[in-house]
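Chain by chain, the residues:
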Protein chains: 2
Amino acid sequence: MAKTLIQNGTFVTVTEEAPVVRGCMIIEDDKIVYLGEQERDPAEQFDEIVDGSRKLYMPGLVNTHCHAAMSLLRGYGDDLALQVWLEQKMWPNEAKFTGEDVRWGTLLSILEMIKGGTTSFVDMYDHMDEVAKAVEESGMRGCLTRGAIGHCPPDVQEHKRREAVQFAKDWHGKAGGRITTMMSPHAPYTCPPEFIVKFVEAAHDLNLPMHTHMSETLYEVLENEKQYGLRPVDHLAKLGLFSRPSIVAHAVHLTDAEIATLKEHNVHVSHNPGSNLKLASGVARVPDMLKAGILVSLGTDSSASNNNLDMFEEMRLAALIHKGVSGDPVAVPAKEALKLGTVNGAKSIWLDNVGTLSVGSKADFIALDTDQAHFLPKSDYVSHIVYSASAKDVTDVYVDGKQLVRGGECLTIDEEKIKFEAQRRFELLTNG
Amino acid sequence: MAKTLIQNGTFVTVTEEAPVVRGCMIIEDDKIVYLGEQERDPAEQFDEIVDGSRKLYMPGLVNTHCHAAMSLLRGYGDDLALQVWLEQKMWPNEAKFTGEDVRWGTLLSILEMIKGGTTSFVDMYDHMDEVAKAVEESGMRGCLTRGAIGHCPPDVQEHKRREAVQFAKDWHGKAGGRITTMMSPHAPYTCPPEFIVKFVEAAHDLNLPMHTHMSETLYEVLENEKQYGLRPVDHLAKLGLFSRPSIVAHAVHLTDAEIATLKEHNVHVSHNPGSNLKLASGVARVPDMLKAGILVSLGTDSSASNNNLDMFEEMRLAALIHKGVSGDPVAVPAKEALKLGTVNGAKSIWLDNVGTLSVGSKADFIALDTDQAHFLPKSDYVSHIVYSASAKDVTDVYVDGKQLVRGGECLTIDEEKIKFEAQRRFELLTNG
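Rules and cut-offs
- Residues numbered from 1 in each chain as written.
- Chains lettered and ligands numbered in written order.
- Predicted model: local features only at pLDDT ≥ 70, side-chain atom pairs only at ≥ 80, totals over all residues.
- Heavy atoms only, no water.
- Pairing = 2+ DSSP bridges.
- Helix = DSSP H or I, 4+ residues; strand = E, 2+ residues; numbered from the N terminus.
- Axes fitted to C-alpha atoms, helices over the stretch in contact; angles between N-to-C directions.
- Left-handed = near helix turned anticlockwise from the far one by under 90°.
- Contact = heavy atoms within 4.5 Å.
- Nonpolar A, V, L, I, M, F, W, Y, C, P; charged D, E, K, R; others polar.
- Least-squares fit on C-alpha atoms with pLDDT ≥ 70 in both.
- Domains from an automatic or database assignment.
- Buried area = accessible area lost by both parts, 1.4 Å probe.
- Salt bridge = Lys/Arg side-chain N within 4 Å of Asp/Glu carboxyl O.
- Polar contact = N/O pair within 3.5 Å; in protein donor to acceptor, adjacent residues only side chain to side chain.
- Buried < 20%, exposed > 50% of the residue type's maximum accessible area, 1.4 Å probe, protein only.
- Phe/Tyr/Trp six-rings, centres within 6.5 Å; stacked < 30°, edge-to-face > 60°.
- Lys NZ or Arg CZ within 6 Å of the ring centre and 35° of its normal.
- UniProt positions renumbered as here; feature names shortened; annotations may be inferred.

1. A closer look at the sheet that holds strand E11 (residues 210-214) of chain B
Sheet strands line up and pair through hydrogen bonds in the backbone, either parallel or antiparallel.
All names here are of chain B.
Inference 1: Read from one edge of the open sheet, 4 strands run E11-E12-E13-E14, paired in parallel fashion. Edge positions in the open sheet fall to E11 and strand E14 (296-298), since each of these has one partner strand only. Here the average twist between neighbouring strands, direction ignored, is 30°.
Inference 2: Examined bridge by bridge, strand E12 (residues 246-250) and strand E13 (residues 268-271) share 3 bridges and lie parallel to one another. From the neighbouring strand, Ala249 faces E13, where its bridge partner is Ser270.

2. What about the packing of helix H2 (residues 99-115) of chain B against helix H3 (residues 128-138) of chain B?
Two measures define how a pair of helices packs: the angle their axes make with one another and the distance between the axes.
Residues and elements named next belong to chain B.
Inference 1: The N-to-C vectors of H2 and H3 enclose an angle of 35°; their axes lie 9 Å apart at closest approach. As H2 packs across H3, the resulting crossing turns out to be right-handed. The segment H2 lies against H3, with Gly99, Val102, Arg103, Thr106, Leu107, Ile110 and Ile114 engaging Glu130, Val131, Ala134, Val135, Glu137 and Ser138.
Inference 2: Of the residues contributing to the contact of H2 with H3, the split by class is 7 nonpolar, 3 polar and 3 charged.

3. Digging into the relation of the copies chain B and chain A
Between the two copies of the chain lies a relationship made up of a rotation around an axis and a movement along it.
Inference 1: Turning chain B through 180° and shifting it by 0.0 Å along the axis lays it on chain A, with an RMSD of 0.0 Å. Here the symmetry operator amounts to a two-fold rotation axis. Looking at the rotation axis and the C-alpha trace of chain B, the residue lying nearest is B:Lys392, at 3.1 Å.
Inference 2: Most of the interface of chain B is mirrored in chain A, where 100% of its interface residues again form contacts.

4. With respect to the domain arrangement of chain A
How big an interface is tends to be stated in terms of the accessible area lost upon association of its parts.
Residue and element names in this part refer to chain A.
Inference 1: When its domains are assigned, chain A resolves into domain 1 (3-60 + 354-410) and domain 2 (61-348).
Inference 2: Taken together, the contact pairs 31 residues of domain 1 with 32 residues of domain 2.
Inference 3: Between domain 1 and domain 2, roughly 2400 Å² of surface is buried when both sides are summed, and carbon and sulfur atoms account for 67% of that area.
Inference 4: Sorting the residues of domain 1 by area buried against domain 2 places Gly60, Val386 and Tyr387 first, and these three jointly supply 24% of that buried surface.
Inference 5: On inspection of domain 1 and its partner domain 2, the count reaches 3 salt bridges.
Inference 6: Connecting domain 1 to domain 2 are 8 residue pairs in polar contact (both at pLDDT 80 or more).
Inference 7: Only strand E5 (55-59), strand E15 (365-369), helix H14 (381-387), strand E16 (394-399) and strand E17 (402-406) provide two or more residues apiece to the side of domain 1 that touches domain 2.
Inference 8: For the side of domain 1 that touches domain 2, the element with the most residues is H14, which contributes 5 residues.
Inference 9: In terms of residue class, the side of domain 1 that touches domain 2 is built from 20 nonpolar, 7 polar and 4 charged.

5. Structural notes on the environment of B:Ile294
All names here are of chain B.
Inference 1: Within the fold, Ile294 resides in the loop between helix H10 (286-291) and E14.
Inference 2: Ile294 sits 27 residues away from Val267 along the chain, and the two C-alpha atoms are 7.2 Å apart.
Inference 3: Beyond its immediate chain neighbours, meaning those up to four positions away, Ile294 contacts Ile259, Leu262, Lys263, Val267, Val269 and Met289.

6. Examining unusual backbone geometry
Inference 1: The omega torsion across A:Asn306 and A:Asn307 is 5°, close enough to zero to call that bond cis.
Inference 2: On the secondary structure map, A:Asn307 appears in the loop between strand E14 (296-298) and helix H11 (311-326).
Inference 3: Phi angles above zero are rare outside glycine, and B:Asp79 is one such case at about 60°.
Inference 4: If you trace the backbone, B:Asp79 turns up in the loop between strand E6 (61-63) and helix H1 (82-96).
Inference 5: Of note, B:Ala175 is a non-glycine position whose phi angle comes to about 55°, a positive value.
Inference 6: Along the chain, the position of B:Ala175 falls in the loop between helix H4 (154-171) and strand E9 (179-181).
Inference 7: We classify B:Ala175 as buried; its relative accessible area is 14%.

7. Looking at the packing of aromatic side chains
Inference 1: The full count for this structure, using the stated rule, is 12 aromatic pairs over all chains.
Inference 2: Look at A:Phe365 and A:Tyr398: their rings are 4.3 Å apart centre to centre, the planes differ by 10°, and that puts the pair in the stacked class. Of the two residues, A:Phe365 sits in strand E15 while A:Tyr398 sits in strand E16, which places them 33 residues apart along the sequence. Accessibility assignment for this pair places A:Phe365 and A:Tyr398 in one class, buried.
Inference 3: Their ring planes at 80° and their centres at 5.8 Å tell us that B:Tyr76 and B:Phe426 sit as a pair that is edge-to-face. Taken as a pair, B:Tyr76 in the loop between E6 and H1 and B:Phe426 in helix H15 (residues 415-431) lie far apart in primary sequence, 350 residues in all.
Inference 4: A relative accessible area of 6% places B:Phe426 in the buried class.
Inference 5: What links up through ring pairs into an aromatic cluster is the set A:Phe11, A:Tyr57, A:Phe365 and A:Tyr398.
Inference 6: Residue placement shows B:Lys278 over the ring face of A:Tyr387; its charged tip is 4.7 Å from the ring centre.

8. Some details on the pairing of strand E13 (residues 268-271) of chain A
Residue and element names in this part refer to chain A.
Inference 1: Of the two faces of E13, the one holding His268 and Ser270 and the one holding Val269 and His271 are both buried throughout.
Inference 2: Where E13 lies against E14, 3 bridges are found, and the strand directions are parallel. Residue pairing for E14: His271 is matched across the bridge by Leu298.

9. Considerations on the UniProt feature "domain: Amidohydrolase-related" (unreviewed entry) in chain A
Inference 1: This chain's UniProt record puts "domain: Amidohydrolase-related" (unreviewed entry) on residues 57-403 of chain A.
Inference 2: As annotated, residues 57-403 of chain A has a helix share of 44% and a strand share of 16%, and its two end C-alpha atoms lie 14 Å apart.

Structural data, given as structure tokens:
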């Protein structure tokens, strides 16, 4: 049993009972077994004793919507009209992606995420075995899913469905339970209804949740109405998607009735503020969703539409834009934004005992260096995390009690090799 | 003559002619004397030769609206209704601020700004001699002004006016020209018309520009109409404020006619996206102002309403929110946002030869460490600066050819002492 003591620390727990604890935390194997102010018995034995002074400890961040491999196209064709960007820059290059591209693109993203304090993420992409292997090596948690576009000939559809099922079966519960899987028809506007139904059936067979893009743009909502006579929420409900535990990404354009339907079916929403702003999709009705009791979390989407994977920034955007757009200075307060980025994210992807610092929780946590100007004065650490911190303030990262980052250095994957290979794959793709 | 060569660098120049240059830059005293691809004659003598590989060089950032001393109240009473925050948290504590508080609060902000790549800033506050001394010590540029609230008895008004005039006289052109001054009635809603007129007269006498808050909230615009029968732009125009070179902060709520009036008088606008969102003031019509040809720049406002002084974040917010709110994915592209944060900022505060990297320019520049995941692939450095970088990526900072930050370490002011004193002042203020 590995036993670690962190002493003299400040712990932002993301619990109602004790939001900030000053004292020490003990980790035994993969769990937090003590968190409090009590002095430790000097005779007690530990494998490691860490001085936590000048550090702030908090739960690891949970990114509930990403396409990690797309970091390979970060900054490639920004500031173009949406269709030009997609049709001339993204799709032709993504179509060329091999397993190797996905491997190095995903590792580039994982490197950025773990060094920046993200301990769990959702990934929806292709060549998912490569993504799963990268997650396994890195020590992160991944809730992974083969995202399938259904507008293709029947044999290709069937091939994609089988691939998605096989991946979900092969990897669910693997990497010591750090990997879970979902079933993902890409979106209502990219999949025929019968294709979506087949994925729902497979999810029932495998007892897995569903993930999909939904109502990201107004155009797609209007097209859905035109084609199927229903807006996306009712359309997906009718196809049975919400009969499975579900998490939908974006949900920017919703009516009151749709918010009620999502709540009724207990659908989780991954809010992607950075991506929604950059792609000019609009501003999701997050305060209304929260008021309705919907479980909302945060996602970065891919680096091609963000353009980084800094979850502190997504928390800050969530806390800022809904105030500015609604005119209500208490919309999405820092405390709420911090929940969106941590415990709500964990609950959204059905991770038990993840997302808070509390006794019995999984030891998925991070440390920030608070000995810096932008963390002073020591007034309100929740406020500082949300309104002032960034990924670059993270010094140490643990998942399942295992340290992945120490003093800003990644311990599990080879940073230099990943940076080199990612750049090389980009050059091969875009010069080829 | 001190002569420095930076070789093997990537230079984002913020000029139309050569946006990105790979090669070397030579600084002689306070000026850039060479920037290009040419190999250097090995016989040429330099006082210092810097290896710029793995670095990206760009002009220093210019923050055109700040109240630096207020960092002392960062995170103190966030997420409250605006009037509660102002009346119960900010104003009572600011009223207690002594010169010492202003000194250490300002130094805390300057420390954060220079380490984060901001080389010039506008400061509007009280106890301005302390601010000027802090700027002088730090090596930054400051465009400084005693902001005066005019709703007070005549003798206090007169005292403030004299103080503002004296400060502007004493410090304009000081610190080797790094300090300039302006005249600042705080805002139309906090100053009687005749008080504003007196400041305009003083600015004429002293040949100085004007700075004021304007149209930050809708409430204040409507009150102005009710009280004076004019919206703030026409009100200030009528009082003669725009007869001086002027920069107004916020300008969130503007009509088309007001935009035309600002353009007609060549009024500069400091856009403060982070603060405007956090205080729920709204979203300024930046794309419309830019279309009208108004010189727009960026400000952080104080850390009490932001809550950091990261100008990369302000550039990113400017590039993101106007896309999301307008529905236009090409609104405020990265290239434009970068101009807002650099050359436009410099022009806005009448700094000649600042804000670009070009031969003959002042050597006010910064270096970012690009050997990191979020700067890969090497696709588009302008895009990476705006959409992916943060203050924490800055490694080196120069102003007037003098190095202020080296490898992330501040060379001019004492970081440890500033952090200690700022925390102590906060405790004295809020426990007292």
